[in-house]
2 protein chains.
Amino acid sequence: MKVTINDVAKLAGVSMKTVSRVINKEPSVRKKTYDIVMDAVNTLNYQPNLAARNLAGTSSFTVGLVYDNPNAYYVIDMQNGVLSRCKEEGYELVIHPCSYTDSNMEADFKTMIKRSRLAGLVLTPPLSEQNSIIDMLDEMGIHYVRVLSGRPSDEDQDTCIYVNDYAAAYEITAHLLSLGHKNIGFLCGDKEHKSTTERLEGYQAALKDHNIAINNALVYEGQYSFESGVEGAKALLGENNPLKITALLGGNDEMAAGALFASRLMGIEIPEQLSITGFEDSPFSRQTWPKLTTAHQANDVISQHAARLLFRKTRGARNQDKDIITTFTPSLVIRESSGPNSAS
Amino acid sequence: MKVTINDVAKLAGVSMKTVSRVINKEPSVRKKTYDIVMDAVNTLNYQPNLAARNLAGTSSFTVGLVYDNPNAYYVIDMQNGVLSRCKEEGYELVIHPCSYTDSNMEADFKTMIKRSRLAGLVLTPPLSEQNSIIDMLDEMGIHYVRVLSGRPSDEDQDTCIYVNDYAAAYEITAHLLSLGHKNIGFLCGDKEHKSTTERLEGYQAALKDHNIAINNALVYEGQYSFESGVEGAKALLGENNPLKITALLGGNDEMAAGALFASRLMGIEIPEQLSITGFEDSPFSRQTWPKLTTAHQANDVISQHAARLLFRKTRGARNQDKDIITTFTPSLVIRESSGPNSAS
DNA sequence: AGTTAAAATGACAACGCTGTCAATGTTCTG
DNA sequence: CAGAACATTGACAGCGTTGTCATTTTAACT
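On a predicted model such as this, the values are computed, not experimentally measured, just so you know.

**Q** Looking at this structure, how should I read the relation of the copies chain B and chain A?
**A** The two chain copies are related to each other by a rotation about an axis together with a translation along it. The operation relating chain B to chain A is a screw motion whose rotation component is 180°, with 0.0 Å of axial translation and a residual RMSD of 0.1 Å. What the rotation and shift describe, once combined, is the action of a two-fold rotation axis. In terms of proximity to the rotation axis, the leading residue of chain B is Ala51 of chain B, whose C-alpha is 2.2 Å off the axis. Interface overlap between copies is the fraction of interface residues in one copy that are interface residues in the other; for chain B against chain A it reaches 100%, indicating a shared surface.

The following block contains the structure:
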């Protein structure tokens, strides 16, 4: 019933160790031997036992995905991306949701790492942006790859995958400017996320490049949530829109959806009276009315590359994956929530 | 650096095996010994190595969660529920997304099970409802717990957690009936999901109990997706609403949101001209305008109980968890998308 | 062909734990 | 207080793999 490496070795007429070499793709195996062993592997439908490999080997075959993110779509995408690579490489994935406000997060973390010696960790924002965590991991000698908001100029292409929120926000803002908008509001997400400042700076840079004065009164400081989007829109547009805002950048799709909701309550027509844009292109940016103009962020692809980067570090010389992309720029997707400035 | 069971044994002045007994909560350990060992465990901050336990023991410490569901909110909730129990019990979770249309799903499945001998599996709809899969697992002798749509009368409380969609649909329909609606449309989800027929039957039963004739023209057969909700609403309400529908039950929140979207396109006011209800109470039922009346389904709690049920099976006599709930009925949540029938 | 270096393979211990079974303590019986 | 019965503990093998190092085979030279 249960097929072990010994069964394969016996069938192939070689030693256990040679089979081990074959399944680990070690170089010094004769082509002919390799084929014989692989035949045996296939006929027996052999699957190496993960627990044994993890126990015996120096490197482990499980990777961890750590996240602190309420956005289910984001988490699932990241998970699927990492998972797809894991499957290909024969790794196992252990997921670890946590809260960065939680005081015993650190202990929690260590427990996880101890229990199953990990090959490495994929960290997502905002945890990937916390120095205390990075330091801890460095100290413990744990491999990791960070997915975070940043620009190509940011160095450390060896442990980081950057999402260029700056450029994407610039592009969205430029889109709105090209539609004739001048008073453009901005709904900030959580301060803990680097993406918040990156997006804000991209927005400001675009305004500057188009010779529009930056007005801090147009910026609402909130969180990346629907409710915060509602609040932000009310705060910026309430009392008859004193700032004469004609376009609103949502910090992400949820905030944009919240702004959409608030606008409806205030009787503001979208996009006729107000353009609203999102960020991330999560499924529900297509499930609002009208559908959101947003910046598409390919989280599944991003996380696949994160996993590849991790494997490259982990398996050292054996694996020199060269086609890893380390900077991703979300791209503008124009839908129905943005339109020309009718006030101009 | 790395603390093993031997270190603990040495410090406690007992044998390795006794430490093993303590951490596995085996009965025949003297209280005094237990305390001494636990002290040692705590001072050394010992964490038993999972790979070693899985390799040496007869029962494994990893459970699998299998799903084929595009709904990110659902998956995350299920995952979190199972994960929280795993954490408490010292188990590890391996997630396994798959597609039931995929032809090599079965092989895939077996591979996963072979690679890491699993303590058991938590199956979610629609996979939990496929007999071919259940048979395969039975044949392989794998423990599992199924989460599926069903009623309390359904037996097999040992391997199944039932979600009483029938009762919930009945309740929603009764709610609409009490608001004076008579021509109530129904947007069916995927046929592959048992929940679809359960919800449909609940709806029909409520109509029947209120002496309203069942009209199959009011039922749209679609899928559990936003797009399908859009299509369904258009199909049922288009061409000037010939069926004089005043209320629409969405098969789930996504379909309801789709119906909301379609209504907006058709210039129908919600809830003034049409009531729309969802199902599941996923986050975005609160992020539509107006917010959806729906049935709250506590997926995280459900999956926690699923995990508990699995552990009870797995650990046999040692664990006689008696407070496991095996039937959950989603409960009506009234929000703004349903209102009195203005046509009456 | 004879020697030597290099490549390919194998024998065996070890990874950290649990299962088995034997050995020791402890309590109870008459 | 001896002896049985039971509760508690320990010694040791083994789970299925990989790492180390020794051995054999092949290739590359004189």
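**Q** Can you walk me through the interface of chain B and chain A in this structure?
**A** How big an interface is tends to be stated in terms of the accessible area lost upon association of its parts. Of the residues lining the interface, 43 residues belong to chain B; the matching set on chain A comes to 43 residues. On the chain B side of the contact with chain A, Arg115, Gln287 and Trp289 of chain B bury the most area, a combined 18% of that side's loss. Linking Asp108 of chain A and Lys87 of chain B is a salt bridge whose minimum nitrogen-to-oxygen distance equals 2.9 Å. Counting across the chain B and chain A interface gives 11 residue pairs in polar contact (both at pLDDT 80 or more). Per element, the largest residue contribution to the side of chain B that touches chain A is eight residues, and it comes from helix α5 (residues 72-89) of chain B. Taken together, the residues that form the side of chain B that touches chain A break down as 21 nonpolar, 11 polar and 11 charged.

**Q** Looking at this structure, I do not really get the sheet that holds strand β2 (residues 92-97) of chain B. What am I missing?
**A** All names here are of chain B. In spatial order, the strands read β2-β1-β3-β4-β5-β11; together these six strands make up an open sheet with parallel pairing. Since the sheet does not close on itself, it has two edges, and those belong to β2 and β11 (327-328), each with one partner. Sheet topology note: the strand β5 (residues 160-163)/β11 ladder contains two bridges and is parallel. Counted as the bridge partner of Tyr162 is Thr327 from β11. Along the sheet face, α5 touches β1 (62-67), β2, β3 (120-123) and β4 (144-149) and points at about 170° away from the line of β1. Across the face of the sheet, helix α6 (residues 105-115) comes into contact with β1, β2 and β3 while running at roughly 140° to β3.

**Q** Looking at this model, I keep getting lost on the domain arrangement of chain A. Mind explaining?
**A** One can read the domain layout of chain A as domain 1 (5-48), domain 2 (62-164 + 299-329) and domain 3 (165-297). For domain 1 of chain A versus domain 2 of chain A, the separation of C-alpha centres amounts to 32 Å.

**Q** Would you explain the environment of Ile161 of chain A in this entry?
**A** All names here are of chain A. On the secondary structure map, Ile161 appears in strand β5 (residues 160-163). The buried category is assigned to Ile161, whose relative accessible area is 0%. Here the alpha-carbon distance between Ile161 and Val145, two residues 16 residues apart in the chain, equals 7.4 Å. The residues contacting Ile161, other than those within four sequence positions of it, are Val145, Arg146, Val147, Leu148, Ile302, His305, Ala306, Leu309, Ile325, Thr326 and Phe328.

**Q** Sorry, what's going on with the protein's contact with DNA strand D here?
**A** Close contacts around DNA strand D come from 29 residues, with Ile5 and Ser20 of chain A together with Thr18, Arg21 and Thr33 of chain B the closest. Across the atoms of DNA strand D situated within 4 Å of the protein, the share located in sugar and phosphate is 62%. In the model, a phosphate oxygen of DNA strand D is placed 3.0 Å from a nitrogen or oxygen of the Thr58 of chain A side chain. Contributing elements (two or more residues each) for the surface near DNA strand D: α2 (16-23) and α4 (50-56) of chain A together with α2 (16-23) and α4 (50-56) of chain B. The greatest single-element share of the surface near DNA strand D, amounting to four residues, is contributed by α2 of chain B. In the surface near DNA strand D, the residues fall into 11 nonpolar, 11 polar and seven charged.

**Q** Where do I start with the protein's contact with DNA strand C in this structure?
**A** Around DNA strand C, a shell composed of 28 residues is seen, among which Thr18 and Thr33 of chain A together with Ile5, Ser20 and Tyr46 of chain B lie nearest. Protein-adjacent atoms of DNA strand C, using a 4 Å cutoff, are sugar or phosphate at a proportion of 64%. At 2.4 Å from a phosphate oxygen of DNA strand C is found a main-chain nitrogen or oxygen belonging to Ile5 of chain B. At four residues, the largest contribution of residues to the surface near DNA strand C is made by α2 of chain A. Looking at the surface near DNA strand C, its residues break down into 11 nonpolar, 10 polar and seven charged.

**Q** Where do I start with a negative patch on the surface in this structure?
**A** All names here are of chain A. On the surface, a cluster of negative charge is made up of Glu106, Asp135, Asp138 and Glu139. A total of three residues in the negative patch trace back to one element, the largest contributor, which is helix α7 (residues 131-140). Secondary-structure assignment places Glu139 in helix α7. For Glu139, a relative accessible area of 73% puts it in the exposed group.

**Q** Would you mind showing me how to read the UniProt feature "domain: HTH lacI-type" (unreviewed entry) in chain A here?
**A** The residues that UniProt annotates with the feature "domain: HTH lacI-type" (unreviewed entry) are residues 3-57 of chain A. The distance from the first to the last C-alpha atom of residues 3-57 of chain A is 20 Å, and the span holds 67% helix and 0% strand.

**Q** What am I meant to see in the pattern of salt bridges here?
**A** Pairing is possible between side chains that carry opposite charge, provided their charged atoms lie close to one another. Residue and element names in this part refer to chain A. Summed over all chains, the structure comprises 24 salt bridges over all chains. Asp35 is the partner of Lys31 in a salt bridge, and the nearest nitrogen-oxygen pair spans 2.7 Å. Highlighted residues: Lys31 and Asp35, both in helix α3 (residues 31-44), separated by four residues, approximately one helical turn. Owing to a relative accessible area of 58%, Lys31 belongs among the exposed residues under this scheme. Exposure remark for Asp35: the relative accessible area of 32% places this residue in the partly exposed category. Between Glu280 and Arg199 there is a salt bridge; the shortest N-O distance is 3.6 Å. Of the two residues, Glu280 sits in the loop between β9 (275-277) and β10 (294-296) while Arg199 sits in helix α9 (residues 194-209), which places them 81 residues apart along the sequence. Accessibility expressed as a relative area gives 12% for Glu280, which makes it buried.

**Q** Before we go on, may I ask you to explain the side chain of Gln79 of chain A in this structure?
**A** As for its placement among the helices and strands, Gln79 of chain A is situated in helix α5 (residues 72-89). Residue classification places Gln79 of chain A among the buried positions, given a relative accessible area of 0%. Among the polar contacts made by the side chain of Gln79 of chain A, one reaches the side chain of Gln79 of chain B at a distance of 2.8 Å. In this structure Gln79 of chain A touches Leu65, Tyr67, Leu93 and Ile95 of chain A together with Tyr67, Gln79 and Ile95 of chain B, once residues within four positions along its chain are discounted.

**Q** When you look at the pairing of β5 of chain B in this model, what are you seeing that I'm missing?
**A** Consecutive residues of a regular strand have side chains that alternate between opposite faces of the sheet. Residue and element names in this part refer to chain B. Burial along β5 is two-sided: Cys160 and Tyr162 facing one way and Ile161 and Val163 facing the other are all buried. In this sheet, β5 lies alongside β4 in parallel orientation, the contact comprising four bridges. Bridge pairing in β5 places Arg146 opposite Cys160.

About the thresholds
Residues numbered from 1 in each chain as written. Chains lettered and ligands numbered in written order. Predicted model: local features only at pLDDT ≥ 70, side-chain atom pairs only at ≥ 80, totals over all residues. Heavy atoms only, no water. Least-squares fit on C-alpha atoms with pLDDT ≥ 70 in both. Contact = heavy atoms within 4.5 Å. Buried area = accessible area lost by both parts, 1.4 Å probe. Salt bridge = Lys/Arg side-chain N within 4 Å of Asp/Glu carboxyl O. Polar contact = N/O pair within 3.5 Å; in protein donor to acceptor, adjacent residues only side chain to side chain. Helix = DSSP H or I, 4+ residues; strand = E, 2+ residues; numbered from the N terminus. Nonpolar A, V, L, I, M, F, W, Y, C, P; charged D, E, K, R; others polar. Pairing = 2+ DSSP bridges. Axes fitted to C-alpha atoms, helices over the stretch in contact; angles between N-to-C directions. Domains from an automatic or database assignment. Buried < 20%, exposed > 50% of the residue type's maximum accessible area, 1.4 Å probe, protein only. Near = heavy atom within 4 Å. Patch = residues over 30% accessible without salt bridge, like charges linked within 9 Å, V, L, I, M, F, W, Y side chains within 5 Å. Areas by Shrake-Rupley, 256 points an atom, 1.4 Å probe, with all protein chains shown as cover. Lys, Arg positive; Asp, Glu negative; His and termini not counted. Charge placed at Lys NZ, Arg CZ, Asp CG, Glu CD. UniProt positions renumbered as here; feature names shortened; annotations may be inferred.

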